[in-house]
Amino acid sequence: MRKLLSLVLIATLIGSTLMGCSKNEKNVGQEVLKNGSEEGKEAQDPEKKEASTQEKDKNGDVTTVSIWIMPNSGAPEEDFRTTLEPFLAENTDIQVEITVLDWGSAWTKITTAATSGEGPDITQLGTTQVAAVAAMGSLEDLSGLYPNFGGEEAFVEAALPTTQILGMGEERYAAPWFIDTRALFYRKDYCELAGVNPETDFDTWESFAQALGKLKGLVVDGKEIMPLIMPGKNDWNVIHNFAPWIWGAGGDFIANDNRTSIINSQEAYEGVKFYSELAINGLMSMPHLEKNSAEVEAIFNAGDAATIFTGAYHINTLRREHPELVENIGTAPFPAGPKGRYVFFGGSCLSVFKSSKNKDAAYRVIEYLMTTDAQVAYQRWCGNLPTVQNAYETNFVSEEPLREAFKEQLQYGKAYPSVAGWGPSETVLQKGLSNVWDNIMGVYGKYDPAKTKEFLDQTANESTMIYSQQ
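Just so we're clear, the structure is a prediction, and the values are computed from it rather than from any experiment. (Residues numbered from 1 in each chain as written. Predicted model: local features only at pLDDT ≥ 70, side-chain atom pairs only at ≥ 80, totals over all residues. Heavy atoms only, no water.)

Quick word on the packing of aromatic side chains
The relative placement of two aromatic rings is captured by the distance of their centres and the angle of their planes.
And step 1. A full pass over the atoms with the stated rule returns 30 aromatic pairs.
And step 2. Measuring from ring centre to ring centre gives 5.6 Å for Tyr146 and Phe155, while their planes differ by 50°; the resulting arrangement is tilted.
And step 3. Since its relative accessible area comes to 2%, Phe155 is described here as buried.
And step 4. Centre to centre, the rings of Trp245 and Phe334 are 5.2 Å apart; their planes meet at 65°, and the pair counts as edge-to-face. Taken together, the residues Trp245 in helix H12 (residues 238-248) and Phe334 in the loop between strand S10 (329-332) and strand S11 (343-344) connect sequence positions 89 residues apart. (Phe/Tyr/Trp six-rings, centres within 6.5 Å; stacked < 30°, edge-to-face > 60°. Buried < 20%, exposed > 50% of the residue type's maximum accessible area, 1.4 Å probe, protein only. Helix = DSSP H or I, 4+ residues; strand = E, 2+ residues; numbered from the N terminus.)

Listed below in structure tokens is the structure:
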């Protein structure tokens, strides 16, 4: 299996790495790339890194822990180092060497480190990447650290499965670091004008569609307001955007055997059909399906749409760029489908490479990053959500009303199946669900629901081929 993963994952996952990160991470990643700096180059040179570490150990009894992170915030190295300051002040025998990897190139560097044994002590991994790297035999089992975190019960439950390989034992190859999830953002003033009650009308799929119907045709200051605006095929979050609708209809991505794709089941099809046909029914803006997440979020912020599903990071964007708008914005949990309420959970974890020569110190760093104080401090910079339960009892939520809906829906979180083949299958899923949007938009002629099913059948066949090789 390791040989297969070394060949298949490295070749295939390069194109799908962005699936495991949030929109916020990708945008910042386009602006920040530390690998080209002298500091970054030295950090990735294992001989220089080891020599540097040994010299410090000899001269000052200091252990240097190297860590790779992604551009999780606007100033990723500075913000992360600020988060670590209390720990480093109390643990003067540890220094931390930070390298920021761009999401676009991170997967190549991580898999190279995994196969060569020449990497950092700690690495950030997207939640969809942990199983693949662990299956290569390159990550330490961190399950023994969990009592130091406060036990498994210290974490939001839905964040835990991403730290394992589904069906392959109880080992945990990562610690959940932060959560990327989506909720409904809406304009309070538009809802009031249309007679929509956000407290009740966004609760279920049926009532949500009815609320969008009330918002349809609303004109404000001579401008027609779009009921719902979302990105379509040209977005890095295509799978994320479909997932809650698939789950809410009773569908899923992989069968219980962990080898068979069921993206084409009747239940999954019904979820895909309901969501995508919001555009056919004029409840979701058809032209803007050509846009990506950043573009439609900007359009929502400009006041052209009444609702949008997006991540908690958007709260920071609103506070920073549109403070005058915030009093007119509300958030609500994802509406419940006929088979229940489900919310996509992505984000990132922290793992330790087996090749690390500083494991004890690396464990201490991770233990600190799992504390409530560190989790809250870091997500104030990044704008995503902590993974530890106690963080939601601090003023992290009470100080920001727009986070209330995200706290409320934590219990409904669901992550993708944590199997080694998930990463390669993301490219296939992305293509198939993008074809669904093409069908909606008339690329193949008049919209045909049967063609949507055909695309899901093709996607299932190709995905099953990947999963069967795990």
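Back to the text.
Concerning the packing of helix H11 (residues 205-215) against helix H13 (residues 266-280)
And step 1. It is at 12 Å that the axes of H11 and H13 come closest, and there the two elements cross at 10°. As summarised for this structure, H11 and H13 are arranged roughly parallel, according to the angle between their axes. On the side of H11, the interface is formed by Trp205, Phe208, Ala209 and Leu212, while H13 contributes Gly271, Phe274 and Leu278.
And step 2. Split into classes, the residues belonging to the contact of H11 with H13 amount to six nonpolar, one polar and no charged. (Axes fitted to C-alpha atoms, helices over the stretch in contact; angles between N-to-C directions. Parallel < 35°, antiparallel > 145°, perpendicular 65-115°, else oblique. Contact = heavy atoms within 4.5 Å. Nonpolar A, V, L, I, M, F, W, Y, C, P; charged D, E, K, R; others polar.)

Focus on the sheet that holds strand S3 (residues 122-126)
And step 1. Spatial ordering of the open sheet is given by S2-S1-S3-S12-S4-S13, a layout of six strands whose pairing is mixed. At either margin of the open sheet sits one strand with a lone partner, and together these are strand S2 (94-100) and strand S13 (385-386).
And step 2. Contacting strand S1 (63-69), S2, S3, strand S4 (175-180) and strand S12 (346-352), helix H16 (residues 359-369) runs over the sheet at an angle of about 150° to S12.
And step 3. In the packing of helix H17 (residues 372-382) onto the sheet, the strands contacted are S1, S4 and S13, and the crossing angle to S4 comes to about 35°. (Pairing = 2+ DSSP bridges.)

Re the pairing of strand S9 (residues 305-311)
And step 1. Within S9, seven of the seven residues are buried, which leaves the element mostly enclosed by the surrounding structure.
And step 2. Inspection of the sheet shows strand S5 (residues 182-187) paired to S9 by five bridges, in the antiparallel sense. Bridge assignment links Phe185 to a residue of S9, and that residue is Ile308.
And step 3. Bridge count for strand S8 (residues 226-228) against S9 is two bridges, and the pairing is parallel. From the neighbouring strand, Leu228 faces S9, where its bridge partner is Thr307.

A short note on the pattern of salt bridges
And step 1. Across all of its chains, the model carries 18 salt bridges by this definition.
And step 2. One salt bridge in this structure joins Arg182 and Asp180, with 3.0 Å as the shortest N-O distance. Taken as a pair, Arg182 and Asp180 share a single burial class, namely buried.
And step 3. Across the pair Asp304 and Lys223 runs a salt bridge whose closest N-O atoms are separated by 2.7 Å. Of this pair, Asp304 sits in the loop between helix H14 (293-301) and S9 while Lys223 sits in strand S7 (residues 223-224), placing them 81 residues apart in sequence.
And step 4. Look at Lys223 and you get partly exposed, because its relative accessible area is 33%.
And step 5. A cluster of three or more residues bridged by salt bridges with shared partners is formed by Arg380, Glu399 and Arg403. (Salt bridge = Lys/Arg side-chain N within 4 Å of Asp/Glu carboxyl O.)

What to know about helix H6 (residues 103-116)
And step 1. With 14 residues, H6 should reach 20 Å at 1.5 Å per residue; the first-to-last C-alpha distance of 20 Å fits that figure.
And step 2. If you check which residues of H6 are buried, you get Trp103, Ala106, Trp107, Ile110, Thr111, Ala113 and Ala114. Projected down its long axis, H6 carries its buried residues within an arc of 155°, all on one side.
And step 3. Two or three places before Gly104, at the start of H6, stands the capping residue Asp102, its side-chain oxygen 2.8 Å from that residue's backbone nitrogen.
And step 4. Gly117 occupies a position one or two residues after H6 and carries a positive phi of about 75°. (Expected span 1.5 Å × (residues − 1). Arc of directions from axis to C-beta. Polar contact = N/O pair within 3.5 Å; in protein donor to acceptor, adjacent residues only side chain to side chain.)

With respect to the confidence of the model for the protein chain
And step 1. Across the protein chain, the average pLDDT comes to 89, with 87% of residues at or above 70.
And step 2. Counting interchain partners and residues more than four positions distant, the pLDDT-below-50 stretch residues 1-56 has 135 contacts. (pLDDT = per-residue confidence, 0-100.)

As for the environment of Asp373
And step 1. Looking at the element boundaries, Asp373 is found in helix H17.
And step 2. Of the residues examined, Asp373 reaches a relative accessible area of 61% and is grouped as exposed.
And step 3. Taking the C-alpha atoms as reference points, Asp373 and Pro86, 287 residues apart in sequence, are found 9.8 Å from one another.

A word on the sheet that holds S5
Strand pairing within a sheet occurs via backbone hydrogen bonds; the two strands may be parallel or antiparallel.
And step 1. The strand order across the open sheet formed by four strands is S8-S9-S5-S10, and the pairing between neighbours is mixed. The open sheet has two edge strands, S8 and S10, and neither has a second partner. Averaged over all adjacent pairs, the angle separating strand axes in this sheet is 30°, with direction ignored.

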